[in-house]
Structure formats: structure tokens, C-alpha cells
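A structural walkthrough
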2 protein chains.
Amino acid sequence: MPDTDELYLAVQREKKLVKIASGRLEADLVLKNANVFAGFFGGFERGDIAIADGRIAGIGSYSGKEEIDLDGMFVTPGFIDAQVHIECSMLMPERYAELVVPCGTTTIVADPHEIANIAGNDGIQYILEATENLPLNVYLMMPSCVPSSDMETSGAKLLAGDLQHLSMNPRVLGLAEMMNAPGVLAGDPDVYDKLMMAKERNMPIDGHAPGLYGKALAGYAAGGIESDHECVTADEARARLACGMHLVLRETSAAHSLEKLLPAVNEHNAQFCFFSADDRQPADILSDGDINYVVRKAIMLGMPVATAIQMATINAAKYFGLRDLGAIAPGWKADLVVFDNLIDWVPKLVIKDGSIVANDGKMAAGIEYAKPSGNICHTVSAAPVKKEDLAVPVPSGYAHVIGLVPHQIFTRHLRLNVKTKNGMAIADTDSDILKLAVVERHHASGNVAAALVKGYGLSHGAIGLTIAHDSHNMIIIGTNDDDMLAAAEELSEIQGGVVITDGGDVKAELALPVAGLMSPHSAEEVASDIRQINRIAHEMGVSYAYDPIFSLTFLSLVVMPELKLSDKGLIDSSLSVIPVNAE
Amino acid sequence: MPDTDELYLAVQREKKLVKIASGRLEADLVLKNANVFAGFFGGFERGDIAIADGRIAGIGSYSGKEEIDLDGMFVTPGFIDAQVHIECSMLMPERYAELVVPCGTTTIVADPHEIANIAGNDGIQYILEATENLPLNVYLMMPSCVPSSDMETSGAKLLAGDLQHLSMNPRVLGLAEMMNAPGVLAGDPDVYDKLMMAKERNMPIDGHAPGLYGKALAGYAAGGIESDHECVTADEARARLACGMHLVLRETSAAHSLEKLLPAVNEHNAQFCFFSADDRQPADILSDGDINYVVRKAIMLGMPVATAIQMATINAAKYFGLRDLGAIAPGWKADLVVFDNLIDWVPKLVIKDGSIVANDGKMAAGIEYAKPSGNICHTVSAAPVKKEDLAVPVPSGYAHVIGLVPHQIFTRHLRLNVKTKNGMAIADTDSDILKLAVVERHHASGNVAAALVKGYGLSHGAIGLTIAHDSHNMIIIGTNDDDMLAAAEELSEIQGGVVITDGGDVKAELALPVAGLMSPHSAEEVASDIRQINRIAHEMGVSYAYDPIFSLTFLSLVVMPELKLSDKGLIDSSLSVIPVNAE
């Protein structure tokens, strides 16, 4: 045995814990008179929980230096979010922790896919540093698809060799959602380098395969993909379970899939299912909760309480190989949530590593903020946009137009007769046809693509953002070029965010200086900024059928049908660039 | 990525499997029209199973170079025995495989505790070599308690440092049953060296804690012990589950605990439970089966079929971190069992790594036999035993006597007035008091301890064996010294086994030359030898309340109450040596 000091101390802690557990030494903290979701028992048991050095010593009758009488309150293990992109909250990791920890989430498994597309390993490194000392266990999965397509210009490209150093990091658990199902099926060497790297290390490989069925799904699973969080129907879910894939039930702000998925979960397969609260907006988490919201909803929909708790805790921990997380038992991490009832699932206390970190919905523990390094805060590098860049030549008068669809991230591929001036298309608010531009913002390449979009409803001004899946270039929609140019200029000025311009002036904005994706401010502040932006956008005519911001972020997600716009141009379902002119 | 040829081939196999799964390439073997216990589905699904390179490509509609029409037969994953001591079957590992594979057991997790107590790492190495190329996945746990007590002389002593090389072996999964609960609770440094070694490698640590409850159990669990296979009551089982310990439901020849344990298993904790068919005699496995017998019995006792199958497969695989074992799904190992009904659970076919290895209860695959090295086949090194060694001085006429208890491995501590001659106790068959001797047989130390035992019923001759838990010294019971000496001599002559002597002659014997524990012969041959020995023993008066052989093997298990005999003398419950004379 290596006889390092660290090991010596570990052994001492071990022996101390055993002494406390066996009643020969006083605990640091004891939660008295709790209803404990004990170990693997499968239900609640009355007892005291003895805690020392951040771990649980025992459940029974104990006394401690500090004692808190829970008077019969319910204690569950801390909740685990099995799949989340922190960046999608628009919050820095520390702010995200402040938001979800009071909800009872003490562990998240995050895929830094968004920031990796912008800043590569620097971005991932930033997330690792920012989450190092939070009152939240933050584990990462290695982004598997940076970039997710070569039909757009991303800020970085990560091959297996670029990820290898991460695979040695104890906080990195596996390979994140493999979005490139065609690559898995076709035997793409870059894809297999990544798959083999994870397999060699016996690491889990997450999936992402919306709508994949039958033999294509079998091929995808045979490639070693072990989970999917994209299911929206019970049949889709059953097909994945039958392929030996774990089912991640995800309830986002946009997609409420829990209700549709639950019929696929039964007493025999629940152990292979767990929860994700990914893509939920700060306002929704503030009002409804995080994983605790998903648990409450699952129970309301008829899931047994014990099953819901296990899906929010031990089932995910087992999948990720986290041996001391997800149960309240001797020797396990003292990450606990205290509820005064099992109806609203709003935590009274959240305990992390044996210390109270949240109290009645408010953080009790201070948070250390990591200062993002310069290269993370100056990621918007776009060449100045000129009027000509926004020109949309439509000599025929007939154009390929992106047709928005309410509550969907796919679009319709329309062919319309559009208003033109000197052979150039112009916005036509009467028929609700607007101009859309995507400006490459990573390498100042000067790449700008412009096209037309129908359905958004803006009647004057422009709206621009630096959140545009998956490469997060600038995406700007507008009724006139001047406001679009003003928006582009302002987005460069504030180094990313969301801007509304009108008559050449900035009417509203939310600065997201961290990688052009995240704000340094609190969830409350960001939520209120978003509320204000949405209000103004709707006042400027944006249809109430659309979320003014999030509906735009998916217009460049080229891997989704039917027609999208990247900095390389209009991309159709065959993933090839087509001209705007339709004839 | 390391670009070795091996990795290259692995990638090629991977891509081939994906091609077959997605229907673009013919499979090597397809099991047509099966009722498949598919993936994590939790039930049976009709389909073909496509197999290539020993792995499952997909379930659906497939064609292959070779096809077997199962015509609706049921296919489950190969069964896993989560805790077994191969040596206790008295069979060499290869013979053990021949016995259990036709029963549908395709994976065992074995603790080479018995042979390690005799030959240390050489013994473990022998088990590793003998199981290298079997049609049975044999994983090992590192024996944690060699020796299990210092109140007897064992053949070897293994500290953490001696086990470390094993922890690097991919076939070694964790630390085997930690029998030394007092050591865990007291902080014994040798115990903690072993525990920390396993923890550092994120390896499971198995337990062994009969009758441990309350805070002692909490302390034991806090030490990091993650399972127990010694439970005999539902309360004991519930207590372990509540402590976050996995429950191994073991059904042995001696102890039928399944019926008592099942009430503790429910839909919420079943995922933490799995099966063991340890300590079952060859005759019982031949007549009733192995894990398939436990599955059948669990279902007869009311367990849902899917739950029983999961406990016999995926639940154990997950605990041990075996990612590609325990489910029938794309990419997983093609270890399968085919049944024509779900009533008798007798396999029609057993498939291992994609090949048929057993057919209607008979092995179809050849077995490679590893020749045990000399030091494994010459382990009986006892100094010649002299009459004086067997003397039992009882000047007072009052003696401490071991009282046998039917069907139990503990004994009673009796104090009796016994027949003596010149101050020495002699066997007294009228009152059924016999002489018992334990002869140290590892180091020819000459250690011999003699005492008295009541209840066995032998009326003439002697019976001796080299199986005596846990150090496996010679244990000899007899009505007279001459036959006992003859038995000792014969046991040295045949290098271990079971011998019956009478009137100075050998009446029956079973040679166990491999470590003095295992026979090179088949299960059928060994079973018939044991039957014959038992018949003769009973003819010679051994009470039918006792198994003539196995009742003797526990008389030196000093860690069990109340009175035992080791080569160091009579050991009472306080684990101290006491004289035979009672006054």
C-alpha cells in the first residue's frame, strides 16, 4: 500500500466514522427523529442520522456535538440531475449552483457541449475550475460532438486525442451525448476513436437519438451507446430499454415529455431510468424547481414515491459508477434533502457533505466564484458586418424561406414569392417575412449568411443573439438592415448576449459576456432581464406563439429539419447549402 | 488514442457488429423466433437474436450464416453466481465448470479463500490459470481473511501487499467476504490496508456478517462493506438493505435460506439483490441444478419471473461493474440460456460468447485442463502422528466436550464425566463420546490437538479428512487411536481427501490431491464416492442426523461458537485455548 499522508488521513477518517457508527464516539452532526429513506430499504425508516467528516456514519439512535431535531421530517438522498448543459441556463456555473442547490439538487452530470463549441478545452477547463469548490457535485461528460456538424463554423473542434486528458480527471465520468448517430452507423473513425476511448476506460457513453428506431437503433446501441435522453414517446422509450439503453426522463421548459414517457417505466425497468432537468429556463426553475419538480410531477402522474426518489438518486449514481452517492447509509456521502411533507417537494434543508448549504429555498453556504479567464470573456470576434453582407439576392422573386412552427425546434421549408428591390429580397412585415442573418463570430472570418424567415411576427427593429445552436454564432432577425447591423455591432460591443434594436438604438439587452452564453448575474436578475426582453419583443410584434429568444436559438441548428441557416448559408434537410433564390 | 493492433481489431469488430445490427451485414449466428428477455425491457419480446464475434448485434428480424430456429423458446441472459467457493464443491475448477455451465451458469464470482488458506498466492494463481479459458466467465474476489483466525495454523498468510498484484488483474473484481467484523470495528490496520486498497480502486467489498445487528452492523457498513451473503432471516436482510448493503440470497446444500429471505425483497430493493449457489454438493447440483435451481425456487415462492431473472443476471453484473454482462442487448456479451418452458428452468441450450457450450444438460464444448503445479498437488505435509499425540489427559475425570448439534455448524460446550484409563480419556461408544484430533498439515510442525466429541455416533473405526474450515488441517474422529493413526497416515499418503479406516484397514476413501480439497475427477464420480463413504459411515454407526463428512469439516471452524478444536487445542467462544480437563 502507498503510505502517503493522504492515505493515512483517509484511514483515520474511516476508523473515526466506524467508531461513530458503532456508537463509541460522538458524531459531528446528528439529524434527530427523521423519517429516513434508508439505504436500499426501499422506504422510509424512523431514526437519527449520524454524520461526520461529510459522510453518514449510521442511522439509528445517535448523539452528536451538534443536533438538529427534524421532528419526523422526511430525508432523502440529494437529487442527481443526470444530464444537463449548464450554459443553457445562461448562468455561470456558480450562479447555476445557487439556483438548483436550494431545490435539493446536490449532484449534476454536465456536458459542457455549448462552451466547448466556442472555446474548446479552454471552455471545458473553465467549467471544471468554476465548479471545483461548489456546494454541488459537478461531474462532466466529455463532449462527443464538437462541432456537431461541418455545415457551420464553430469555435473549436475536439477529437478523441483532445479529450484524452479529460478522461483521466476523476470528475469526468464518460462520453457525453453522441449526437452523430450516422457517424456511429457509418463507422466514422473520429467517432470510433471517442467511443473506444470511453470503452477502454469502462466509462458510460451517453446517447442522443431522437426518432431512431429498429435496426438503426440496434446499430447505434451496438456501437456502445448506453443511454438516451431524447425520447418523447413511450414507444421510443421502450425501444431503447429493449436495446439495453438507460432511459433519461427529461422534463425541459420547452418539452414536457414526462407524462408521455411514464407508461414505459415499470417495476422491472425503473432501475435503469433516471431524471434530467436540462434546458429549463431560470424563471421556470425559480418558480417550479429543478429535479424536485420532476420528482413531484412523476409522483403526481402515479409513480410510487420510492421509485421516483430512486430515479432521482441511486439509479443515476449506479449508472455513472458513483459508489458513495444516492443512498442514505453508513459510509455514504452526507448529501441530503429534508422535506416537511411529500406533497410539494420543496426542501426545508439541503445538506451537502454534512453541512447545511440551503435553508427554505435560500443558499446558506457561500459560493466561491472563479474569475473566467480573458479568453472565456472575449469570445465574440466577428468581422464588422456591412450592408452588402445582408443582401439576399432573389432575381426570380421566388425564395426558399424558413417557416417557423410553434413549439417546435424543426422548421418548414417554404418556397414563396417574396418582395424584392433591385433583385434583392427585403423584409415584408405585411406577409410576415423577415430577414435572418447568421454572422460567424469565432474567427472574424467575415462569414455572413442572410436569408428569409416567416412566422416570427416582428413588425419593426431587430433582435440578435450569440446563442445559436450548436456553434453559437450571431443570429439576427430584423425588419431592416440598419437595426440588424446595429444589433451585430452591439453584440460585439458587449461580447455576446441578447439585444433588441429599433431605429438604430438599443432598446433592451442582456449581456452574456461569459463565452457569449452566460451572465455573471444571479438567476433572478437574468430571469427579469429575459422577462423584459420578451415583453418588449412582443410589443414589437413578435407572435405570442413563440418565445422571442429561444425560438431564434434553434434556427441555426442544422442537424434538425427542414430548413436552417448557418454562417455558410441556407441548409436543407439533405444537409447541403442551397441558394435563397428558388428558381 | 493508443494505436495498437489490438485496438485496431477491436474497432473493426465494433464496426462489424454495428453493420450487422443495422442490417447491412449477415450475422455469424442467428437464434430465430425466440422469446427474448430483451435488454432492460423487463419482460420477454418475440424476435431473432443476431450474434457475431461472441457478442449480440441485435434483436429483431435478422439472418445469419448459421441459423437456429428456437420456435418460441425462451432466452435469458446467462446466469451469474455472485458468490462461490469453487473448492467447496471438491471439484477442480474445470470440473466445476462442466457441472454448472449446463445449468445455465455462465459467470461466477469466486473467492479462492479455501485454497489461499493452504497455498496462498500459488493457490490463487492456480485458480486463475485453471479458469483462464473455460466456457464460464470466472471472476475472482481477493480473499480478505487468510488466515481467518490466529487460533489455528494455516498454510499461508496474505496481507494487503500480497494481494496488490491481484487488484491489477482485470478478472479480479474486488475484496472477498470480510469475515473479520471485529477487525473492521476495532480498526485493525491489516484489515484497513485491504479495505483501502479496494476503495482506492473503486472495487466492491463483499461482506460476511452473520447475526450482526444495530450499531455493530452500521459500523461494519461504515467501514465500506457493501454486501452480505450470510443472512438467514428477513429481519437480518432488511437491516443490511437499510445499511446500503447489497443482499446476496444464498441457497446452499446445508442452509435453505431463500424462503426465509424473500419477504425482505420488494420491487424497490430487488435491484440490490442477487443470488449465490455457494456450498452446494456435486450431488445436489447434479440433481437440482445451480443458479437455475435458485431461480426456479424463488419463482415457486412467488417472486415475479422478471425479478428472479434480473437477480440472477443484471443486478449482480451492475454491482460488480461488469458493463457488458447480464442483459440481451446490442453490443453485450452473447452469454445466453435457452429454455423450452419457464416451469422447470432446465436449459435446452447454453450459449457462451456466441457458441453453444451445453446442450440438454451435457457439455457441448471441450474443456482445457490446466495441470496443477506440484506445490498445489503436494500440500499435505504433516509430521508422523504418534499415539502420544492423541492422548487426552483428564486427571479429574471431568472433561470439556464438543457437543454436536444436528444441521448446525455451531456446537455446544459440554462438561461431562468421561471414561478414562490411567488419567487419559478414551472413547466411550456406549455414551457416544469419541476422540477427535486435528493434525497440522501445512508445515509438518507436529502440532496435534486431541479432545472429545459427543453425538456423532460412530461405533468403530475412524474417519479423517483434510477439509476442515478454515485452515484445512487434518481432522480425524475415531473410536480408537490405531484407526485414527491409520487415517492420518493414509491422508498423507494420498495427499489429502476423505478416509475411513477400521481395524487398521482403509475401508473407503476419496482422494482430493489438489490442495487436499479437490478431486481431478468428474462431479458424477465424486458424488458417487461421497455417497459410498456416507453409506459406509452410517453403517459404522454415524447418526443419520449428520452428514458424515460435512459435519466434521466445521468442527475446527474456531470463529463459530461454542467449542471447537484446532491444531492449537480446544477453542471456546472467548477464542482462547482451554485444556480438555474440566477441573
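The shown structure was predicted, so the numbers you read here are calculated from the model rather than taken from an experiment.

Secondary-structure assignment places G331 of chain A in the loop between α13 (314-320) and β14 (336-339). C-alpha separation for the pair G331 of chain A and A21 of chain A, spaced 310 residues apart in sequence, amounts to 9.0 Å. Setting aside residues no more than four positions away along its own chain, G331 of chain A makes contact with L17, R55 and I56 of chain A together with A222 of chain B.

With 99% of its residues at a pLDDT of 70 or more, chain A shows a mean pLDDT of 96. Two numbers describe this predicted complex: its pTM, 0.95, and its ipTM, 0.94.

It is worth spelling out the pattern of salt bridges at this point. Residue and element names in this part refer to chain B. One pass over the full model with this rule turns up 48 salt bridges over all chains. E14 is paired through a salt bridge with R55; the nearest N and O atoms lie 3.5 Å apart. Note that E14 is positioned in helix α1 (residues 5-21) and R55 in strand β3 (residues 55-60), a separation of 41 residues in sequence. No difference in accessibility class separates E14 from R55, as the two residues are buried. For the salt bridge of D353 with K333, the shortest nitrogen-to-oxygen distance reads 2.5 Å. One end of the pair, D353, is in the loop between β15 (349-352) and β16 (355-359); the other, K333, is in the loop between α13 (314-320) and β14 (336-339), and 20 residues separate them in sequence.

This part is about the sheet that holds strand β25 (residues 474-478) of chain B. Residue and element names in this part refer to chain B. Spatial ordering of the open sheet is given by β19-β18-β23-β22-β25-β24-β26-β27, a layout of eight strands whose pairing is mixed. Both outer strands of the open sheet, β19 (412-417) and β27 (505-511), are each paired with one neighbouring strand and no more. Averaged over all pairs of adjacent strands, the angle between their axes in this sheet comes to 30 degrees, without regard to strand direction. Pairing between strand β26 (residues 497-502) and β27: six bridges, direction antiparallel. Considered in β27, the bridge of V498 is made with L510. Lying on the sheet, helix α16 (residues 523-539) is in contact with β24 (462-465), β26 and β27; it crosses β27 at an angle near 150 degrees.

For the rest of this paragraph, the subject is the relation of the copies chain B and chain A. With an RMSD of 0.1 Å, the fit of chain B onto chain A corresponds to turning through 180 degrees and sliding 0.0 Å along the axis. Given the turn and translation reported, the copies of this chain are related as if by a two-fold rotation axis. No C-alpha of chain B approaches the rotation axis more nearly than that of E267 of chain B, which lies at 3.0 Å.

Let's shift gears to the side chain of D389 of chain B. Relative to the helices and strands, D389 of chain B resides in the loop between α14 (374-377) and β18 (398-403). Once residues lying within four places of it in the same chain are set aside, the contact partners of D389 of chain B are P384, V448 and A450 of chain B.

To continue, consider the sheet that holds strand β28 (residues 563-566) of chain B. Residue and element names in this part refer to chain B. Overall, antiparallel pairing links the three strands, which are arranged β28-β29-β30 in an open sheet. The open sheet is flanked by β28 and β30 (577-578), the only strands paired with a single partner. By the bridge criterion, four bridges tie β28 to strand β29 (residues 569-572) in an arrangement that is antiparallel. Looking across to β29, one finds that L565 is bridged to L570.

Our focus in this paragraph is helix α2 (residues 93-100) of chain A. Residues and elements named next belong to chain A. Burial within α2 is extensive, with seven of its eight residues counted as buried. Residues of α2 that are buried include every one of P93, E94, R95, Y96, A97, L99 and V100, and no others. Residues of α2 that are buried in the fold lie against β6 (79-84), β7 (105-110), α3 (113-130), α10 (282-288), β17 (362-363) and α16 (523-539).

To continue, consider the state of the cysteines. Two cysteines form a disulfide when their sulfur atoms are joined by a covalent bond. Residue and element names in this part refer to chain A. All told, the structure shown has zero disulfides over all chains when counted by the stated rule. Here C103 is not disulfide-linked; the sulfur of C88 is the nearest cysteine sulfur, at 18 Å. Not part of a disulfide, C231 finds its nearest cysteine sulfur in C273, a span of 9.7 Å. Classification of C231 by relative accessible area gives buried; the value is 2%.

Take the nonpolar core next. Of all hydrophobic cores here, the largest spans 168 residues; its most connected members are Y220, L249, F275 and I463 of chain A. Among the elements that line this core, the one with the most residues is α3 of chain A, at nine residues. Dropping the residues within four chain positions of it, I463 of chain A is found in contact with Y456, L458, I475, I476, I477, V499, I500, A537, V542 and L552 of chain A. Counting residues in each nonpolar core, the second largest holds 167 residues, with L262, L436, A451 and A508 of chain B among its members.

Reading the values: rules and limits
- Residues numbered from 1 in each chain as written.
- Chains lettered and ligands numbered in written order.
- Predicted model: local features only at pLDDT ≥ 70, side-chain atom pairs only at ≥ 80, totals over all residues.
- Heavy atoms only, no water.
- Helix = DSSP H or I, 4+ residues; strand = E, 2+ residues; numbered from the N terminus.
- Contact = heavy atoms within 4.5 Å.
- pLDDT = per-residue confidence, 0-100.
- Salt bridge = Lys/Arg side-chain N within 4 Å of Asp/Glu carboxyl O.
- Buried < 20%, exposed > 50% of the residue type's maximum accessible area, 1.4 Å probe, protein only.
- Pairing = 2+ DSSP bridges.
- Axes fitted to C-alpha atoms, helices over the stretch in contact; angles between N-to-C directions.
- Least-squares fit on C-alpha atoms with pLDDT ≥ 70 in both.
- Disulfide = S-S within 2.5 Å.
- Core = buried A, V, L, I, M, F, W, Y, C linked by side-chain atoms within 4.5 Å.

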